[in-house]
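Working through the structure, step by step
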Amino acid sequence: DVKVTQSSRYLVKRTGEKVFLECVQDMDHENMFWYRQDPGLGLRLIYFSYDVKMKEKGDIPEGYSVSREKKERFSLILESASTNQTSMYLCASSPYRQGWGAEAFFGQGTRLTVV
Amino acid sequence: QKEVEQDPGPLSVPEGAIVSLNCTYSNSAFQYFMWYRQYSRKGPELLMYTYSSGNKEDGRFTAQVDKSSKYISLFIRDSQPSDSATYLCAMSGANDYKLSFGAGTTVTVRA
């Protein structure tokens, strides 16, 4: 079974803190993604990485950065957390193939609350 | 207008009923169509994956794609309380890295 593991299920952080969300996948997938999920808005892509040290902005990158130093690990960084970043954060991975985005496998999610 | 439209429901059906879910989309370049199931406070899990138009069946689940109408459907036969979840449609073009998701439909199957 593909395993995508996110380091925390629940996090509470203060406004202005620097926050790190970690994700590890064990299937040697090339592509990794960070999404946020909010009620009524569906999943929105924050950042994407198609290789080690490579990254591309998604639809809502503002206020976030990412790091991919090793193939299996993809980190999301909130530079200065704000209350509007309270959300469910989902990491996903997928193998390289035509269509790229097909068959994305998700982690269990991190529920982040910024107070 | 959103790229992918999905009625959020909620949808409540009795056990054993057929659940019918659908999404419409506007981007004619989409060729890969997926359905994910998401239980409360969990990450989405891939249920069905189809390429281009046609039907695909997997046990009690049937996915249909009508590209001419830009319309996809998921049917769940003989629904069970364990099918209670949010169902998300997702799609992408042949060379996209990005999946476009619907907002999700919340389904409750009553015992």
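Just so it is clear, the model here is predicted, and its values are computed rather than measured.

**Remarks on the nonpolar core**
All names here are of chain B. By size, the foremost hydrophobic cluster in this structure holds 23 residues, and its most contacted members are Trp35, Ile72, Leu74, Tyr87 and Met91. Those elements giving two or more residues to this core turn out to be β3 (19-25), β4 (30-38), β5 (45-51), β7 (61-66), β8 (71-76), β9 (85-93) and β11 (105-110). Among residues more than four places away in sequence, those in contact with Met91 are Val4, Tyr25, Phe30, Tyr32, Phe33, Met34, Ile72, Lys98, Leu99 and Ser100.

**Considerations on the pairing of strand β5 (residues 42-51) of chain A**
The two faces of the sheet receive side chains in turn, since in a regular strand these alternate between them. Residues and elements named next belong to chain A. By the criterion of burial, β5 is predominantly enclosed, with seven of the 10 residues buried. Bridge count for strand β4 (residues 31-38) against β5 is seven bridges, and the pairing is antiparallel. Its bridge partner lying in β5, Arg36 is registered against Arg44. If you look at the hairpin formed by β4 and β5, you'll find three residues sitting between the two strands, and Gly40 has a positive phi there, around 80°.

**Structural notes on the sheet that holds strand β3 (residues 19-25) of chain A**
Residue and element names in this part refer to chain A. Reading across from one edge, β1-β3-β8-β7 is the order of the four strands in this open sheet, with antiparallel pairing throughout. Looking at which strands have only one partner, the edges of the open sheet turn out to be β1 (4-6) and β7 (64-70). With strand direction ignored, the average angle separating the axes of adjacent strands in the sheet is 20°. With six bridges joining them, β3 and strand β8 (residues 73-78) adopt antiparallel strand pairing.

**Re the interface of chain A and chain B**
Many authors give the size of an interface as the accessible area that is lost as the parts come together. Contacts between chain A and chain B engage 25 residues on the former and 22 residues on the latter. Our enumeration of links across chain A and chain B arrives at zero salt bridges. Our count for the chain A to chain B interface comes out at four residue pairs in polar contact (both at pLDDT 80 or more). Elements with a contribution of two residues or more to the side of chain A that touches chain B: β4, β5, β6 (54-57) and β9 (87-94) of chain A. A per-element tally of the side of chain A that touches chain B places β5 of chain A first, with four residues. Here the residues of the side of chain A that touches chain B are counted per class, giving 12 nonpolar, eight polar and five charged.

Cut-offs used in this document
Residues numbered from 1 in each chain as written. Chains lettered and ligands numbered in written order. Predicted model: local features only at pLDDT ≥ 70, side-chain atom pairs only at ≥ 80, totals over all residues. Heavy atoms only, no water. Core = buried A, V, L, I, M, F, W, Y, C linked by side-chain atoms within 4.5 Å. Buried < 20%, exposed > 50% of the residue type's maximum accessible area, 1.4 Å probe, protein only. Helix = DSSP H or I, 4+ residues; strand = E, 2+ residues; numbered from the N terminus. Contact = heavy atoms within 4.5 Å. Pairing = 2+ DSSP bridges. Axes fitted to C-alpha atoms, helices over the stretch in contact; angles between N-to-C directions. Salt bridge = Lys/Arg side-chain N within 4 Å of Asp/Glu carboxyl O. Polar contact = N/O pair within 3.5 Å; in protein donor to acceptor, adjacent residues only side chain to side chain. Nonpolar A, V, L, I, M, F, W, Y, C, P; charged D, E, K, R; others polar.

No statement about biological role is implied by the geometric values presented.
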